[in-house]
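Structure assessment
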Amino acid sequence: MKQYMKSEFYRIAHRMSTYLFIGMCSLLMVSSNVVLAVVKHADAKFPYATTKFSISNLYASFAVVYLLCIAIASMIFGNEYGNRTMKNSISYGISRGTIYFGKLITEMIYAVIAFAAITGIHVASACLLLENSGAESIALLLKTTLFCFPLFIFAVGASNCFIFLFDSMGNAIAATLGLLLALPLVSNMLGMKFEVFHKLAEILPWNLINNMEFDFDKLEIILKWNERTVYYYWMAGIIQMVLVVLAGYLIFNKREIK
Amino acid sequence: MAEVIAEARKLSKQYKDTKALDDINFKLKRGNIYGLVGKNGAGKTTLLRILTGQAFQTEGNIALFGESSYEGLSKGRKRIGAIIEEPGFYSDMTAEQNLEYYRIQRGIPGKRCVQEALKEVSLLDTGNKKFSQFSLGMKQRLGLALALMNKPEILLLDEPINGLDPFGIVEIRNLLLKLNQEKKITMLISSHILSELSNLVTFYGFLDQGKLIKQLSEEELSAECSKYLEVKVDKAERLAALLEIKLGCHAYKVTSDYSIHIYEYLNQPEIVSQMAVQNGIGLSSIGLKEMSLENYFMQLVGGNVDETIYEK
């Protein structure tokens, strides 16, 4: 496993997309701060050129980060089926388990590094370019991250599962979106009529992320389902991640590799 | 007696309605170059994929270096190099980067082995060219470099000269012969380019519709692909009976209602022709022929024999 992951880190370190993803996301975040700074420069009364506003844009958009986990998993997976490279590892006696969990861990590590880098660059550029509103916004960002981290990990795990199961990346992404997005939305609609779907909807990660609202004055998280504590978020995220990862592994273990 | 280092026992593979492999039994002995011959869809690649763990058998088992357990096969596969179908590499990485990736993954110490493997297949000067820009021949050679990198004891090669130009074919053939003779690497090579196999292999297995219909050594094959008289008549079965009764000849094969191959009287075709005519058998032609590997294979699997090339 250690050798497999070393080789994976070698591979992603030698790919342009690894850096491009972080670069493009960072550029997007920095540019939003630049726009705020420019507008403030043009209009001194512009109230939003503050670190509070800038950072709140980030933690209020964690649903986007959740979906970006699909992109991260597909990018790090490396188009093994399209390139027909997996057979080289299998034929050398590397187990399917090593490949599956090796890829998963690599994707998760990259996701954490990417998140930390992009967030760090965003916060740093906000502090440099905008009016400093105090450290409370950063504290709220960290608290929101604590709630959502297991849900992001679930998204990476679910993406990894479907990417291993489908030959086509397009089909894998569609299936992942089905689980991550379509299922919660459908459950929400059906949950208005049927209690069982309502209960299901309450534990699905997409809904848990959207369960969070923010009081930007008090800088607090408001949970619509206020009995859902941070421990609930972690339990829901980890249990669902374990289930989906395990299901993916059991199916992949029987899969023939072309 | 040479050690058996790869083996298939009662191996079968079923895909829905198709039996890709049917009760295959074979042994690969150390030092041999085993040629697996068969038409497209005969099951050659399926067999190799099962040996490398890419596919799973439905019945029977395989053994590598005497081990057939899961752990034993995993360990055994680390002593194997394989090219199955077209070589697969990361399209946006160079030859060196691709091999370095696998060197790290396989835990092979020392970066020199990458350079050595590239040098062995004449790909040392590809520089920053990405794999996606390689020609088919270059891709094939990089696949061979990867197969050689861990200094394998067995090479499993699925149509290794596919897509190569004549120079490339000669180069690969000479390299494989050198590897077998100098480094004692055992090989299992599948191909349908039979003439190229005949310059290489020491043992043949003929595969057709999933069945291993014949296995024989190079010497045995040479004996079977011997010269013969091809006699075309209007009653082949009657001629066969006459050969036995009148000439005491049993070395013949009736190939159709109108054709018979005789493996004796090669220098005395007139004896056969006179006997045929005297007994009222219509004789349309008689000629000395030599069985090519292609013709031998086509006869084995019941295809049309090419008669134009070797007629004398």
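What counts, and at which threshold
- Residues numbered from 1 in each chain as written.
- Chains lettered and ligands numbered in written order.
- Predicted model: local features only at pLDDT ≥ 70, side-chain atom pairs only at ≥ 80, totals over all residues.
- Heavy atoms only, no water.
- Helix = DSSP H or I, 4+ residues; strand = E, 2+ residues; numbered from the N terminus.
- Buried < 20%, exposed > 50% of the residue type's maximum accessible area, 1.4 Å probe, protein only.
- Contact = heavy atoms within 4.5 Å.
- Areas by Shrake-Rupley, 256 points an atom, 1.4 Å probe, with all protein chains shown as cover.
- Phe/Tyr/Trp six-rings, centres within 6.5 Å; stacked < 30°, edge-to-face > 60°.
- Pairing = 2+ DSSP bridges.
- Axes fitted to C-alpha atoms, helices over the stretch in contact; angles between N-to-C directions.
- Core = buried A, V, L, I, M, F, W, Y, C linked by side-chain atoms within 4.5 Å.
- Salt bridge = Lys/Arg side-chain N within 4 Å of Asp/Glu carboxyl O.
- UniProt positions renumbered as here; feature names shortened; annotations may be inferred.
- Domains from an automatic or database assignment.
- Buried area = accessible area lost by both parts, 1.4 Å probe.
- Polar contact = N/O pair within 3.5 Å; in protein donor to acceptor, adjacent residues only side chain to side chain.
- Nonpolar A, V, L, I, M, F, W, Y, C, P; charged D, E, K, R; others polar.
- Parallel < 35°, antiparallel > 145°, perpendicular 65-115°, else oblique.
- Left-handed = near helix turned anticlockwise from the far one by under 90°.

Description of the overall build of chain B
Within chain B, the secondary structure is distributed over 11 helices and 13 strands. Across its three principal directions, the C-alpha atoms of chain B cover 80 × 40 × 40 Å. Expressed as a percentage of its 312 residues, the buried residues of chain B come to 50%. Looking at chain B alone, contacts between residues at least 24 apart form 66% of all its contacts between residues at least 6 apart. By element, 49% of the accessible surface of chain B is carried by carbon and sulfur atoms, the whole surface being about 14,500 Å².

Observations regarding the packing of aromatic side chains
For the structure shown, the criterion picks out 31 aromatic pairs over all chains. Consider the rings of A:Phe62 and A:Phe115, whose centres lie 5.7 Å apart with planes at 65°: the pair is edge-to-face. One end of the pair, A:Phe62, is in helix H4 (residues 62-77); the other, A:Phe115, is in helix H7 (residues 96-129), and 53 residues separate them in sequence. With a centroid separation of 5.4 Å and 45° between ring planes, the pair formed by B:Phe26 and B:Tyr34 is classed as tilted.

So, the sheet that holds strand S7 (residues 186-191) of chain B
All names here are of chain B. One open sheet accounts for 6 strands, arranged S5-S6-S7-S3-S8-S9; its pairing is mixed. This sheet does not close on itself; its edge strands, each paired only once, are strand S5 (80-83) and strand S9 (211-217). On average, each strand axis in the sheet is tilted by 15° relative to the strand beside it, whichever way the strands run. Where strand S8 (residues 203-208) and S9 come together, 6 bridges link them in antiparallel fashion.

Notes on the nonpolar core
If you look at soluble globular proteins, the nonpolar side chains tend to sit buried side by side. Counting residues in hydrophobic clusters, the biggest one holds 123 residues, and the most contacted among them are B:Leu99, B:Leu142 and B:Leu176. Considering each element in turn, this core owes the most residues, 15 residues, to helix H8 (residues 136-165) of chain A. With residues near it in sequence (within four places) discarded, B:Leu99 still touches B:Phe89, B:Val114, B:Ala117, B:Leu118, B:Leu142, B:Ala145, B:Leu146 and B:Met149. Core analysis: the next-biggest nonpolar cluster, separate from the first, contains 28 residues, B:Leu28, B:Tyr34, B:Ala42 and B:Phe65 among them.

Thoughts on the pattern of salt bridges
For side chains of opposite charge, pairing can occur when their charged atoms come near one another. Under the counting rule described, the total for this entry stands at 23 salt bridges over all chains. The residue A:Arg15 makes a salt bridge to B:Asp92 at a minimum N-O spacing of 2.9 Å. With A:Arg15 in the loop between helix H1 (2-13) and helix H2 (16-42) and B:Asp92 in the loop between S5 and helix H3 (95-106), the pair connects residues from two separate chains. Assessed through its relative accessible area of 28%, B:Asp92 is described here as partly exposed.

Quick word on the UniProt feature "domain: ABC transporter" (unreviewed entry) in chain B
As recorded in UniProt, the sites labelled "domain: ABC transporter" (unreviewed entry) are residues 6-234 of chain B. Taken end to end, residues 6-234 of chain B is 35% helix and 30% strand, and its two terminal C-alpha atoms sit 49 Å from one another.

Overview of unusual backbone geometry
Note on backbone geometry: most residues besides glycine have negative phi, and most peptide bonds are trans. All names here are of chain B. Here the phi dihedral of Lys16 falls at roughly 45°; this positive angle occurs in a residue that is not glycine. Tracing the chain through its elements places Lys16 in the loop between strand S1 (4-15) and strand S2 (18-29). Of note, Phe65 is a non-glycine position whose phi angle comes to about 55°, a positive value. Along the chain, the position of Phe65 falls in the loop between strand S4 (59-64) and helix H2 (70-77). With a relative accessible area of 12%, Phe65 lands in the buried category.

A word on the domain arrangement of chain B
Looking at the assigned domains, one finds that chain B contains domain 1 (4-216) and domain 2 (226-290). Domain 1 of chain B and domain 2 of chain B are separated by 44 Å when their C-alpha centres are compared.

Comments concerning the interface of chain A and chain B
Each side of the interface is counted separately: chain A has 31 residues, and chain B has 32 residues. Here chain A and chain B share an interface that buries about 2,800 Å² over both sides, 50% of which is from carbon and sulfur atoms. Considering only the surface of chain A that becomes buried against chain B, A:Tyr10, A:Tyr92 and A:Glu256 emerge as the three largest contributors, covering 26% of it. For the salt bridge of B:Lys13 with A:Glu256, the shortest nitrogen-to-oxygen distance reads 2.4 Å. At the junction of chain A with chain B, the criterion picks out 21 residue pairs in polar contact (both at pLDDT 80 or more). Elements with a minimum of two residues in the side of chain A that touches chain B: H1, helix H5 (80-83), helix H6 (86-90) and H7 of chain A. Here the side of chain A that touches chain B takes 7 residues from H1(A), the largest share from any one element. For the side of chain A that touches chain B, the residue count by class is 6 nonpolar, 12 polar and 13 charged.

Description of the sheet that holds strand S13 (residues 283-290) of chain B
Residues and elements named next belong to chain B. In spatial order, the strands read S11-S12-S10-S13; together these 4 strands make up an open sheet with antiparallel pairing. Looking at strand neighbours, the two that pair on one side only are strand S11 (252-256) and S13, the edges of this open sheet. On average, each strand axis in the sheet is tilted by 20° relative to the strand beside it, whichever way the strands run. Pairing geometry for strand S10 (residues 227-233) and S13, over 7 bridges, is antiparallel. Among the inter-strand pairings, Tyr228 is bridged to a residue of S13, identified as Lys289. The strands touched by helix H10 (residues 269-278) are S10, strand S12 (259-262) and S13; relative to S13, the strand with the most contacts, the crossing angle is about 155°.

Here's the deal with the UniProt feature "transmembrane region" (unreviewed entry) in chain A
Residue and element names in this part refer to chain A. Per the UniProt record, "transmembrane region" (unreviewed entry) is annotated on residues 20-39, 59-78, 99-124, 144-165, 172-190 and 231-252. Across residues 59-78, helical content stands at 85% and strand content at 0%; the span's end C-alpha atoms are separated by 29 Å. The annotated region residues 231-252 carries 100% helix and 0% strand content, and the separation between its end C-alpha atoms amounts to 31 Å.

Concerning the packing of H2(A) against H7(A)
A pair of packed helices can be characterised by two numbers: the angle between their axes and the separation between those axes. Residues and elements named next belong to chain A. One can describe the packing of H2 onto H7 by two numbers: an axis separation of 9 Å at closest approach and a directional angle of 25°. What the angle tells us is that H2 and H7 run roughly parallel. The hand of the H2/H7 crossing is right-handed. Across the interface between the two elements, Ser17, Thr18, Phe21, Ile22, Cys25, Ser26, Met29, Val30, Ser32, Asn33, Val34 and Ala37 of H2 pack against Tyr110, Ala114, Ala117, Ile118, Ile121, His122, Ser125, Ala126 and Leu129 of H7.

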